[in-house]
Amino acid sequence: LITDSAVFVLRGTNVSSSFSIPDDLWSAEVDGSQISQVIQNLSLNAAQAMPEGGILSINARNRILQEEEVPPLAAGKYVEIAVADHGLGISEHHLQKILD
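Residues numbered from 1 in each chain as written. Predicted model: local features only at pLDDT ≥ 70, side-chain atom pairs only at ≥ 80, totals over all residues. Heavy atoms only, no water.

Visitor: Can you lay out the confidence of the model for the chain for me, pointing to particular residues and giving the numbers?
Guide: For the chain, per-residue confidence averages 94 on the pLDDT scale, and 100% of positions sit at 70 or higher. For the chain, the element scoring lowest by mean pLDDT is helix α3 (residues 92-95), at 84; strand β2 (residues 54-65) scores highest, at 98. (pLDDT = per-residue confidence, 0-100. Helix = DSSP H or I, 4+ residues; strand = E, 2+ residues; numbered from the N terminus.)

Visitor: Any chance you could break down the packing of aromatic side chains for me, citing the residues and the numbers?
Guide: Here the structure, examined in full by the defined rule, presents 0 aromatic pairs. The ring of W26 carries the charged tip of K77 above its face, separated from the ring centre by 5.0 Å. (Phe/Tyr/Trp six-rings, centres within 6.5 Å; stacked < 30°, edge-to-face > 60°. Lys NZ or Arg CZ within 6 Å of the ring centre and 35° of its normal.)

Visitor: Summarise a nonpolar patch on the surface; cite the residues concerned and give the values.
Guide: Taken together, V38, L42, I81 and V83 make up a surface patch of nonpolar side chains, about 280 Å² in accessible area. When residues of the nonpolar patch are traced back to their parent elements, those giving at least two are α2 (32-49) and β3 (76-84). Relative to the helices and strands, I81 is located in strand β3. (Patch = residues over 30% accessible without salt bridge, like charges linked within 9 Å, V, L, I, M, F, W, Y side chains within 5 Å. Areas by Shrake-Rupley, 256 points an atom, 1.4 Å probe, with all protein chains shown as cover. Salt bridge = Lys/Arg side-chain N within 4 Å of Asp/Glu carboxyl O.)

Visitor: Residue-level account of helix α1 (residues 2-10), with values.
Guide: Turning to α1, its buried residues number three or more, namely I2, S5, A6, V9 and L10. Looking down the long axis of α1, one finds its buried residues gathered within 120 degrees of arc, a one-sided arrangement. Away from its buried face by more than 90 degrees, α1 exposes D4 and F8. Where α1 ends, the next residue or the one after it, G12, has phi of about 85 degrees, a positive value. (Buried < 20%, exposed > 50% of the residue type's maximum accessible area, 1.4 Å probe, protein only. Arc of directions from axis to C-beta.)

Visitor: I'd like to hear about the environment of V79, residue by residue, with values.
Guide: Relative to the elements of secondary structure, V79 occurs in strand β3. Of the residues examined, V79 reaches a relative accessible area of 27% and is grouped as partly exposed. Linking V79 and I55, residues 24 residues apart in sequence, is a C-alpha distance of 22 Å. Those residues in contact with V79 that sit more than four places away from it in its chain are L25, W26, A28, R61 and N62. (Contact = heavy atoms within 4.5 Å.)

Okay, structure coming up:
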């Protein structure tokens with residue numbers, strides 16, 4: 001789901017993708033449409049932030065959280081997904097409004 005979503009959006013751009021997803025990644029109960037939409041949106045944003053090209057890195061890992069480690073999440077098993085690019089970033093002017 002993760003790789004398919006990113007590759008789909010980056011097809012035809014000059015941005016390549018790099019994935020680090022272990023074979024023993026835990027299964028997770030998720031809404032596939034929502035996760036796909038999030039990965040696609042982040043991939044599109046990365047492509048727009050790197051008009052000269054670059055690499056979008058997506059890493060996933062198993063993570064066990066302890067109580068109070070990441071409020072408001074309960075302690076337990078999670079799958080963590082990290083997405084990074086080397087684009088221009090968000091201007092200071094727009095940074096204040098990213099959650100609007």
